[in-house]
Amino acid sequence: MTKKYETETPGYTMTTVMEEAARCLLCHDAPCSAACPAHTDPAKFIRSVRFRNVKGAAETIRENNALGAICARVCPTEKYCELACSRSGIDVPIDIGGIQRYVTDFEQADDMHILHAGDSNGMHIAIIGSGPAGLQAATTLLEKGYSVDIYEKNAKAGGYLTYGIPEYRLPSNIVDYEIKRITDMGANIHFNTIIGKDMTMDQLKAENDAVIVAIGASEAKMLPMFENNDAVETAVSFLARTKQAKGNIDLPDNALVIGGGDVAMDVVTTLKKLGVEHVTDAVYEQFDEFRASKKELAGAEREGVTIIDGYVPDSVNGHTVTLKHRHINSEMTIEADTIILAIGQETNAKNLGIKLEHGEAPSAGYKTHDPKVFITGDIAQGDKTVVYAVQKGKEVAGEIDSILGGNRDDQ
Amino acid sequence: MINKDISIDFLGVHFENPFCLSSSPVDNCYEMCAKAFDEGWGGIVFKTIGPEDFEVDEVSPRFDELTKEATPFVAFKNMEQIAEHPLKQNLADLKKLKENYPDKVVIASIMGPTEKDWEELARLVTEAGADMIEMNLSCPQMTSHAMGSDVGSNPPLVKKYCEAVKRGSDLPMMAKMTPNITDMVPAAKAALAGGADGIATINTVKSIANVDLEKKTALPIVNGKSSVSGLSGKAVKPIALRFIQQLRVASGLEQLPISGIGGIETWEDAVEFILMGSTTLQVTTAVMQYGYRIVEDMKNGLMHYMEEQGVEHLSELVGLANKNIVPAEDLDRDYKMYPEIDWDKCIGCGRCFISCYDGAHQAISWDEKTRRPSIDTSKCVGCHLCALVCPVHAIHPGKIVMKEGRKGDPSKIDVVSQRLY
Ligand SMILES: Cc1cc2nc3c(=O)[nH]c(=O)nc-3n(C[C@H](O)[C@H](O)[C@H](O)COP(=O)(O)OP(=O)(O)OC[C@H]3O[C@@H](n4cnc5c(N)ncnc54)[C@H](O)[C@@H]3O)c2cc1C
Ligand SMILES: Cc1cc2nc3c(=O)[nH]c(=O)nc-3n(C[C@H](O)[C@H](O)[C@H](O)COP(=O)(O)O)c2cc1C
Ligand code: SF4
Ligand code: SF4
Ligand code: SF4
């Protein structure tokens, strides 16, 4: 039953990737590259593929994005590079994510080692959190010669890459592979260590030249009416549990999911792929204002999820939820074995001494009031996506380097 | 990003990389060459410079392309002659290029109708500071028959003009040969006898790429008419490689220094020309289609290839394939190799069946129910047409057997290709 959950869609072959690359118009001042938040430079790596230089393509991706194989799979390209693609003037945008996946798969198969740690500059940086932002910051700092220790509250690294995004979209072996390359470069990850509890912020500050807080929004939000209800689980708890068990979990016959973002789509699609017959998704927004990406929504619909849009939970009694429409006079009651809440995630920055408003830094950039402490990833301002986390990771590393003045010769 | 030394010496001149623009509109003026150098080209062969009094008067439009299915520029046809800019300006451009790019190689391409012109042009470009001279003996669409490929296919004339150039200059010199000739060896030998230090080849191939069905003339149409003129681009690569091979195996020419030209687009094309005996490479059509930027992937891909091959100096690769290309009568004809179908890849399209029936030996039968081919080894001759047409590359080299009555060990037969599909 877990096969559908564990299986990724097939990737390109050399022949088919060339057909796709041949559709690329090789634009001047390419809009796709300008639209990539992490400057992965799709126009350049597609051109390399087109001219049969797949290794060169891998270098372009990797040097700009330490999580290139992950972004290839989970990037909401429809909002970034593919939205900008000139090919849309003819028919449909180039499948940039698919080409990137082909190239990074080739890189892995060929065991290429593109990134290397720089000569040591004697400085130490601590990073709290091993999500994409922390991992990219570590990579960039290692390249510049810093030594890097990452402190992670969980037993595995990756943040939502490991404990969120489902297997069929992002296989764990890809995540493990990308993380291994970063630890091979010299990143030292301390697992099961909560900063603010197991170790203090003061200790990290005393031992390091700078501390980066990259804790993301790793806790689920709750609605008061669902508290202390055995039938209720949060989306991130459900997705983490399912991914860790590779889909081997006890399944309900009938599940009600509340929420309409990408996380909710992941939950309903996962349930369906695992074989749950009745999956109903109650969404606050109506279809024309949906937050989930079109790709994720289409994926959920393909699996046969029942989506009721415009409804909000009004009351709950054990397994029974009453929902009301936001605009019209309509009410429905659903009884479900499991109720999964996908209404957003929040940050827990307890004892870290940083100020956040709604889980985000009050002002743009990566500095905090403490000159030794920086923030990055989802808790910094800007989009909350993996590719943005990568870019924010690069930027915070660059900022720290310009302040600490590490390796001068590689500037 | 990989960084390897891909420099090479050719005719005593050091090239930081072997990639040069060939003489054509892609290096028509100072600004173009400067941009090309900035984007990474190792050298340029400046657009052919003619004598002051030769008037260049071009037609409009002047290009055509051969396509196949959705692929543009399979080949490119042009009706252009030599530099349109005045001689003085061309010389000034050469001078400025050498001043501003002392580490790049600036090659002057020249062409004249008389010995006196050749000698004078050679003297002028030498004074302007060029590193090398290329004699254009090969343009197939000159309006004067005293110039161009009519000259290049006439060995005594080639020799005479080479001598004239050598009188005017002591720079290293290559003669650019025309492919519009059955055998290039006599012309190349004549050039060397006249003092040439190396050969550049090929120039464009005389052609008509398309005929307009309404106007009943070739393309491009110039006020209702057209002309035979030069073809370049990917489709001429096989022609170029064969000439280069035949030069390098001609007796006395085994070490002939060659600048290879014709359809180079990718690093793989470049390596092919090098393995066939080219030391430097020249490109026009791919640059006209895609821009100078293509040199990035050519250089990077070449570095990766050298790394894979464990090669430290590019020169080690020059001509490595020459000895493996032998006359047809010397090939091993004692065995045949059957194709093998990879059933995980086969999608049941039936293209192999059609081609084997209609274009080979009716050795594939087709199961209409399962939509799968099967190969009858009693009829299969091992031509591998089926492998070439299969859209998913499901057909690959299979069992090797000795032909009846022939001796040999099939396991020792070398047929493996590394080509990346
Ligand atoms: C289900 C789901 C699906 C998603 N799908 C996509 C998608 O398809 N595409 C996309 O671009 N984005 C997606 N996102 C968003 C994306 O995952 C995030 O934007 C991204 O992970 C943020 O990276 P980060 O490094 O800031 O934080 P996180 O990935 O949240 O990582 C933070 C890390 O810090 C650790 N941590 C927290 N507090 C402490 C502490 N006190 N001490 C030690 N460690 C601590 C956490 O355990 C975690 O490992 C998805 C998110 C979810 C939840
Ligand atoms: C438009 C055009 C103009 C050319 N002009 C010249 C020229 O002036 N002198 C010359 O030696 N070759 C000239 N050539 C030939 C090229 O230098 C080159 O030998 C040929 O195009 C094959 O290389 P390619 O396939 O990379 O284009 C010209 C080619 C083209 C397409
Ligand atoms: S915008 Fe689209 S067509 Fe243009 S270079 Fe990028 S991927 Fe190719
Ligand atoms: S190798 Fe030739 S003869 Fe044999 S099956 Fe293929 S096409 Fe037919
Ligand atoms: S051409 Fe290839 S895919 Fe098509 S039937 Fe033959 S083996 Fe199968």
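Residues numbered from 1 in each chain as written. Chains lettered and ligands numbered in written order. Predicted model: local features only at pLDDT ≥ 70, side-chain atom pairs only at ≥ 80, totals over all residues. Heavy atoms only, no water.

Could you give an account of unusual backbone geometry, naming the residues involved and the relevant values?
Residue B:Pro61 is reached from B:Ser60 by a cis peptide bond, and omega for that bond is -10°. As for its placement among the helices and strands, B:Pro61 is situated in the loop between β4 (43-49) and β5 (63-68). Residues B:Leu219 and B:Pro220 are joined by a peptide bond in cis, for which omega reads -5°. Inspection of the secondary structure puts B:Pro220 in the loop between β13 (217-218) and β14 (229-232). In the Ramachandran plot, A:Asn192 falls in the positive-phi region, its phi being about 50° despite a non-glycine side chain. (Helix = DSSP H or I, 4+ residues; strand = E, 2+ residues; numbered from the N terminus.)

Any details on the site of ligand 2? Residues and values, ideally.
Residue and element names in this part refer to chain B. Around ligand 2 sit 24 residues in total, of which Ser22, Ser23, Thr48, Gly263 and Thr285 are the nearest. A distance of 2.6 Å separates a nitrogen atom of ligand 2 from a polar atom in the side chain of threonine 48. For ligand 2, a nitrogen atom lies 3.0 Å from a polar atom in the side chain of asparagine 136. Look at ligand 2: alone it shows 600 Å² of surface, and the protein chains cover 99% of it. Looking at the shell around ligand 2, the elements with two or more residues in it are β4 and β6 (71-78). Taken together, the residues of the shell around ligand 2 break down into 6 nonpolar, 15 polar and 3 charged. (Near = heavy atom within 4 Å. Polar contact = N/O pair within 3.5 Å; in protein donor to acceptor, adjacent residues only side chain to side chain. Areas by Shrake-Rupley, 256 points an atom, 1.4 Å probe, with all protein chains shown as cover. Nonpolar A, V, L, I, M, F, W, Y, C, P; charged D, E, K, R; others polar.)

Give a detailed account of the UniProt feature "domain: Dihydroprymidine dehydrogenase" (unreviewed entry) in chain A, specifying residues and quantitative values.
Mapped onto the present numbering, the UniProt feature "domain: Dihydroprymidine dehydrogenase" (unreviewed entry) falls on residues 3-110 of chain A. Helix and strand shares over residues 3-110 of chain A are 59% and 0% respectively, and the end C-alpha atoms of the span are 27 Å apart. (UniProt positions renumbered as here; feature names shortened; annotations may be inferred.)

Before we move on, can you summarise the domain arrangement of chain B with the specific residues and values?
For chain B, the domain assignment lists domain 1 (8-324) and domain 2 (332-412). Distance between the C-alpha centres of domain 1 of chain B and domain 2 of chain B: 41 Å. (Domains from an automatic or database assignment.)

Before we move on, could you go through helix α1 (residues 30-38) of chain B and cite the residues and values that matter?
All names here are of chain B. Taken together, the buried positions of α1 are occupied by Tyr30, Cys33, Ala34, Ala36 and Phe37. The arc enclosing the buried residues of α1, seen along the axis, measures out at 160°, which places them on a common side. Exposed residues pointing more than 90 degrees away from the buried face of α1 are listed as Glu31 and Asp38. Looking at the buried positions of α1, the neighbouring elements they touch are β3 (19-21), β4, α2 (87-100) and β7 (105-110). Positive phi shows up at glycine 40, right after α1, with a value of about 120°. (Buried < 20%, exposed > 50% of the residue type's maximum accessible area, 1.4 Å probe, protein only. Arc of directions from axis to C-beta. Contact = heavy atoms within 4.5 Å.)

Describe in detail the UniProt feature "domain: FAD/NAD(P)-binding" (unreviewed entry) in chain A, supporting the description with residues and values.
On the UniProt side, "domain: FAD/NAD(P)-binding" (unreviewed entry) is annotated at positions that read residues 123-393 of chain A here. Across residues 123-393 of chain A, the secondary structure splits into 28% helix and 24% strand, with the terminal C-alpha atoms separated by 18 Å.

So what's going on with the sheet that holds strand β11 (residues 320-325) of chain A? Residues and values would help.
All names here are of chain A. Strand order in this open sheet of 3 strands is β10-β11-β12, and the pairing throughout is antiparallel. Among the strands making up the open sheet, the edge pair consists of β10 (311-317) and β12 (331-335). Recorded for the sheet is a direction-independent mean angle of 25° between the axes of neighbouring strands. Two strands pair when backbone bridges link them, and β10 and β11 are joined in this way by 6 bridges, in the antiparallel orientation. Paired with valine 312 across the bridge in β11 is lysine 324. (Pairing = 2+ DSSP bridges. Axes fitted to C-alpha atoms, helices over the stretch in contact; angles between N-to-C directions.)

Can you break down the domain arrangement of chain A residue by residue, with the values?
Residues and elements named next belong to chain A. Assigned domains of chain A: these are domain 1 (3-109), domain 2 (124-217 + 347-404) and domain 3 (220-345). The straight-line distance from the C-alpha centre of domain 2 to that of domain 3 is 30 Å. Between domain 2 and domain 3, the contact holds 14 residues from the first and 13 residues from the second. Here domain 2 and domain 3 share an interface that buries about 1,100 Å² over both sides, 50% of which is from carbon and sulfur atoms. The largest share of the area that domain 2 buries against domain 3 comes from Tyr163, Tyr168 and Arg169, three residues that together contribute 42% of it. At the junction of domain 2 and domain 3, the tally comes to 3 salt bridges. Residue arginine 169 pairs with glutamate 296 through a salt bridge whose shortest N-O separation is 3.4 Å. Sort the elements by how many residues they give to the side of domain 2 that touches domain 3 and helix α10 (residues 160-163) lands first, with 4 residues. The residue makeup of the side of domain 2 that touches domain 3, split by class, is 8 nonpolar, 3 polar and 3 charged. (Buried area = accessible area lost by both parts, 1.4 Å probe. Salt bridge = Lys/Arg side-chain N within 4 Å of Asp/Glu carboxyl O.)

Report on the packing of aromatic side chains, specifying residues and quantitative values.
Counted by the stated rule, this structure contains 12 aromatic pairs over all chains. Residues A:Phe287 and A:Phe290 carry aromatic rings whose centres are separated by 5.0 Å and whose planes lie at 25° to one another, so their mutual orientation is stacked. A connected cluster of aromatic rings, assembled from ring pairs, spans B:Phe63, B:Phe73 and B:Phe76. Its end group placed over the ring of B:Tyr30, B:Lys96 keeps NZ or CZ at 4.1 Å from the ring centre. The aromatic ring of B:Phe243 is capped on one face by B:Arg242, whose charged end is 3.8 Å from the ring centroid. (Phe/Tyr/Trp six-rings, centres within 6.5 Å; stacked < 30°, edge-to-face > 60°. Lys NZ or Arg CZ within 6 Å of the ring centre and 35° of its normal.)

How would you summarise a nonpolar patch on the surface if you had to cite specific residues and measurements?
Together, B:Ile208, B:Val211 and B:Val228 make up a nonpolar patch on the protein surface, roughly 260 Å² of accessible area in all. Its place among the elements puts B:Ile208 in the loop between β11 (205-207) and β12 (211-212). (Patch = residues over 30% accessible without salt bridge, like charges linked within 9 Å, V, L, I, M, F, W, Y side chains within 5 Å.)

Summarise the environment of A:Glu331; cite the residues concerned and give the values.
Residues and elements named next belong to chain A. With respect to the helices and strands, the residue glutamate 331 is situated in strand β12. Each C-alpha atom of the pair glutamate 331 and tyrosine 311 lies 8.3 Å from the other, and the pair is 20 residues apart in sequence. Setting aside chain neighbours within four positions, we find glutamate 331 in contact with Thr322, Leu323 and Lys324.

Break down the interface of chain A and chain B for me, citing the residues and quoting the values.
Between chain A and chain B, the contact holds 19 residues from the first and 20 residues from the second. Each partner contributes to the roughly 1,800 Å² buried at the junction of chain A and chain B, and carbon and sulfur atoms together form 46% of this total. Its largest share of buried area at the contact with chain B, chain A owes to A:Arg47, A:Phe51 and A:Arg52, together 39% of the area lost on that side. Linking chain A with chain B are 4 salt bridges, by the criterion used here. Two residues, B:Glu268 and A:Arg52, come together in a salt bridge whose shortest N-O distance is 2.4 Å.

Lay out the pairing of strand β18 (residues 364-367) of chain B in plain terms, naming residues and giving numbers.
Residues and elements named next belong to chain B. Examined bridge by bridge, β18 and strand β19 (residues 372-375) share 4 bridges and lie antiparallel to one another. Across the sheet, the residue bridging to isoleucine 364 is isoleucine 375, located in β19. If you look at the hairpin formed by β18 and β19, you'll find 4 residues sitting between the two strands, and arginine 371 has a positive phi there, around 55°.

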